[in-house]
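Architecture and fold: a report
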Amino acid sequence: MRKFNPAIVILACMLATGNACADDFSDGVSYYEQGDFSSALESFKAAAAKGNADAQFNLGLMFLNGEGVAQDYKQALNWFEQSASKGNVKAQVNIGRMYAKGKGMLANHGIAASWFRKAADQGYADAQYSLGILYVTGTGAPRDYNKARELFQQAANQSNASAKYQLGLLYLKGRGVTANLVEAYKWLILAGDYDDSEVFRKYVAAKMSKEEVIEAQALAKDWKPRKTAE
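Calculation criteria
Residues numbered from 1 in each chain as written. Predicted model: local features only at pLDDT ≥ 70, side-chain atom pairs only at ≥ 80, totals over all residues. Heavy atoms only, no water. Helix = DSSP H or I, 4+ residues; strand = E, 2+ residues; numbered from the N terminus. Buried < 20%, exposed > 50% of the residue type's maximum accessible area, 1.4 Å probe, protein only. Core = buried A, V, L, I, M, F, W, Y, C linked by side-chain atoms within 4.5 Å. Contact = heavy atoms within 4.5 Å. Phe/Tyr/Trp six-rings, centres within 6.5 Å; stacked < 30°, edge-to-face > 60°. Lys NZ or Arg CZ within 6 Å of the ring centre and 35° of its normal. Expected span 1.5 Å × (residues − 1). Axes fitted to C-alpha atoms, helices over the stretch in contact; angles between N-to-C directions. Parallel < 35°, antiparallel > 145°, perpendicular 65-115°, else oblique. Left-handed = near helix turned anticlockwise from the far one by under 90°. pLDDT = per-residue confidence, 0-100. Polar contact = N/O pair within 3.5 Å; in protein donor to acceptor, adjacent residues only side chain to side chain. Salt bridge = Lys/Arg side-chain N within 4 Å of Asp/Glu carboxyl O.

Positioned with a positive phi, Ser159 is a non-glycine residue whose angle comes to about 70°. Within the secondary structure layout, Ser159 lies in the loop between α8 (145–156) and α9 (161–173). The partly exposed category is assigned to Ser159, whose relative accessible area is 36%. One non-glycine residue, Asp195, adopts positive backbone phi at about 50°. The topology assignment puts Asp195 in the loop between α10 (181–190) and α11 (197–205). The exposure class of Asp195 is exposed, given its relative accessible area of 52%.

Residue position: Gly35 is located in the loop between α1 (20–33) and α2 (37–49). For the pair Gly35 and Glu67, spaced 32 residues apart in sequence, the C-alpha separation works out to 9.5 Å.

This part is about the nonpolar core. Counting 67 residues, the largest nonpolar core has Phe44, Phe80 and Phe152 as the members making the most contacts within it. Beyond its immediate chain neighbours, meaning those up to four positions away, Phe152 contacts Tyr129, Gly132, Ile133, Val136, Ala163, Gln166, Leu167 and Leu170.

Let us now look at the packing of aromatic side chains. Scanning the entire structure with this criterion turns up seven aromatic pairs. Pairing Tyr165 with Phe200 gives two aromatic rings, centres 6.3 Å apart and planes at 65°, and the pair type is edge-to-face. Taken together, the residues Tyr165 in helix α9 and Phe200 in helix α11 connect sequence positions 35 residues apart. Take Tyr165: its relative accessible area is 5%, and that puts it in the buried class. Cluster of aromatic residues (ring-pair linked, three or more members): Tyr165, Tyr194 and Phe200. Over the aromatic face of Trp115 sits the side chain of Lys118, whose NZ or CZ is 5.5 Å from the ring centroid.

For the rest of this paragraph, the subject is α9. Taking 1.5 Å of rise per residue, the 13 residues of α9 would be expected to cover 18 Å, and the 19 Å separating its terminal C-alpha atoms lies within 8% of that figure. Considered for burial, the residues of α9 that qualify are Ser162, Ala163, Lys164, Tyr165, Gln166, Leu167, Gly168, Leu169, Leu170, Tyr171 and Leu172. Packed against the buried residues of α9 are α7 (125–137), α8, α10 and α11. With its phi angle positive at about 70°, Gly174 sits one or two positions after the end of α9.

Right, let's talk about the packing of α7 against α8 for a bit. It is at 8 Å that the axes of α7 and α8 come closest, and there the two elements cross at 160°. Here α8 runs roughly antiparallel to α7, going by the angle between their axes. Our pair here, α7 against α8, has a crossing hand that is left-handed. When α7 is examined against α8, the residues Ala125, Gln128, Tyr129, Leu131, Gly132, Ile133, Tyr135 and Val136 are found in contact with a partner set consisting of Tyr145, Lys147, Ala148, Leu151, Phe152, Gln154 and Ala155.

A separate point is the confidence of the model for the chain. In the predicted model, the chain carries a mean pLDDT of 91, and 89% of its residues have values of at least 70. In this model residues 1–18 is a low-confidence stretch, pLDDT under 50, and it forms 40 contacts with partners more than four residues away in sequence or in other chains.

For α10, a buried count of eight out of ten residues is recorded, marking the element as mostly surrounded by other parts of the structure. For α10, the full list of buried residues reads Val182, Glu183, Ala184, Tyr185, Lys186, Trp187, Leu188 and Leu190. Residues of α10 that are buried make contact with α8, α9, α11 and α12 (210–222). Of the residues that open α10, the one with a side-chain oxygen 3.0 Å from the backbone nitrogen of Val182 is Asn180. In the stretch just after α10, Gly192 is the one whose phi turns positive, near 65°.

Summed over the entire model, instances satisfying the criterion amount to four salt bridges. A salt bridge links Glu183 to Lys186; the shortest N-O distance between them is 3.1 Å. Within this pair, Glu183 and its partner Lys186 are both found in helix α10, separated by three residues, close to a single helical turn. Given a relative accessible area of 17%, Glu183 falls into the buried group. By relative accessible area, which is 9% here, Lys186 ends up buried. With its nearest N and O atoms 3.6 Å apart, the salt bridge here joins Glu198 to Lys202.

Dropping the structure here:
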């Protein structure tokens, strides 16, 4: 049986007897797992036509990735927008990414930021991280390291590795926060293998005393995810 492509997220669906919409969605998930993308596409379309936001989101991903259908950014955006209008945060983030990367349209970081903000306001970690990056780079939003740090903190509190990495860099460089090597090292430890975390850990450790390294390691060991920002 085919395992899910990491790029596609199939959400769980609560099934009820006689619920045709749920059955169509469940069938789509089953077909997708078997690698039968054409049948999955048709089942998701049937569920999407009845207003299933998760099916609409999955259709967006299939058109985005060209699974069971020719890659079509316009169709992907259409399905994401239908799902996003029902509050689906993953769809909102994907619309933001399409505008940020210019997939099927001219890149527009301002529009990307507005979509990331919709999902970030609902507490979605990937959106908080993505919006934070725009504040760091000053694209689509004024450069604001304080806001970036707040967003990265919120995402990191939900165990988002990329946000932990960015927090480490902010503490290292003293952007949006007082420079602190212990905090920088702690967050880079927590980021694990993400991106260049190991490289920066070595760089930061070379600037620290043995006692500071031990302190940072202890802080990282004791750290636990939180649902709200610090």
